Amino acid sequence: MVLLPRGHFKFNTCFVLMALSTWVGASFAQDQPAQTSPKAPLPTYTSVLASFVRYEPVALTPWPKANQAVQSIGGWRAYARQALEAAPSPTLPKPGSTP
């Protein structure tokens, strides 16, 4: 009589049950017709660099000429006036009035 180590029967039983369940599951899976669902369209790739604009250096202007152009326009006050006119004016209450 051959003595098997303790727990040997449990291991073999578990192994056989796992193999049997895999075989039974596979046979049921083959019996059912394949269900096909409409495929989703593949995503399209758009590079983030597609809209990249290469840097082109700006032509340099000599300082005296640039200063003369600003002076003929009206100096820094002209630029400040343009910014003020372009900005939307907030509706602030007049000083001393109650809201």
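Keep in mind that what you see is a predicted model, and the values were worked out from it rather than measured.

Examining the overall build of the protein
Then step 1. On a plain count of helices and strands, the protein comes out with three helices and zero strands.
Then step 2. When the helices and strands of the protein are listed from N to C terminus, the series reads α-α-α.
Then step 3. When burial is assessed residue by residue, the protein has 2% of its 99 residues classed as buried.
Then step 4. Accessible area for the protein stands at about 10,800 Å²; split by element, carbon and sulfur atoms hold 66% of it.

Examining helix 2 (residues 63-73)
The α-helix winds at 3.6 residues per turn, so residues separated by three or four positions along the chain end up facing the same way.
Then step 1. Little of helix 2 is tucked away: zero of the eleven residues are buried.
Then step 2. Positioned one or two residues after helix 2, Gly 74 has a phi angle of 130°, which is positive.

With respect to a nonpolar patch on the surface
Then step 1. Together, Val 48, Leu 49 and Phe 52 line one region of the surface with nonpolar side chains, adding up to about 390 Å² of accessible area.
Then step 2. Relative to the elements of secondary structure, Val 48 occurs in the loop between helix 1 (8-31) and helix 2.
Then step 3. With a relative accessible area of 75%, Val 48 lands in the exposed category.

Quick notes on the confidence of the model for the protein
Close inspection of predicted coordinates is inappropriate in any region flagged by low pLDDT.
Then step 1. The pLDDT averaged across the protein works out to 76; a share of 61% of its residues lies at or above 70.
Then step 2. Taken element by element, the predicted model of the protein shows its lowest mean pLDDT in helix 1 (62) and its highest in helix 2 (90).

What counts and how
- Residues numbered from 1 in each chain as written.
- Predicted model: local features only at pLDDT ≥ 70, side-chain atom pairs only at ≥ 80, totals over all residues.
- Heavy atoms only, no water.
- Helix = DSSP H or I, 4+ residues; strand = E, 2+ residues; numbered from the N terminus.
- Buried < 20%, exposed > 50% of the residue type's maximum accessible area, 1.4 Å probe, protein only.
- Areas by Shrake-Rupley, 256 points an atom, 1.4 Å probe, with all protein chains shown as cover.
- Patch = residues over 30% accessible without salt bridge, like charges linked within 9 Å, V, L, I, M, F, W, Y side chains within 5 Å.
- Salt bridge = Lys/Arg side-chain N within 4 Å of Asp/Glu carboxyl O.
- pLDDT = per-residue confidence, 0-100.

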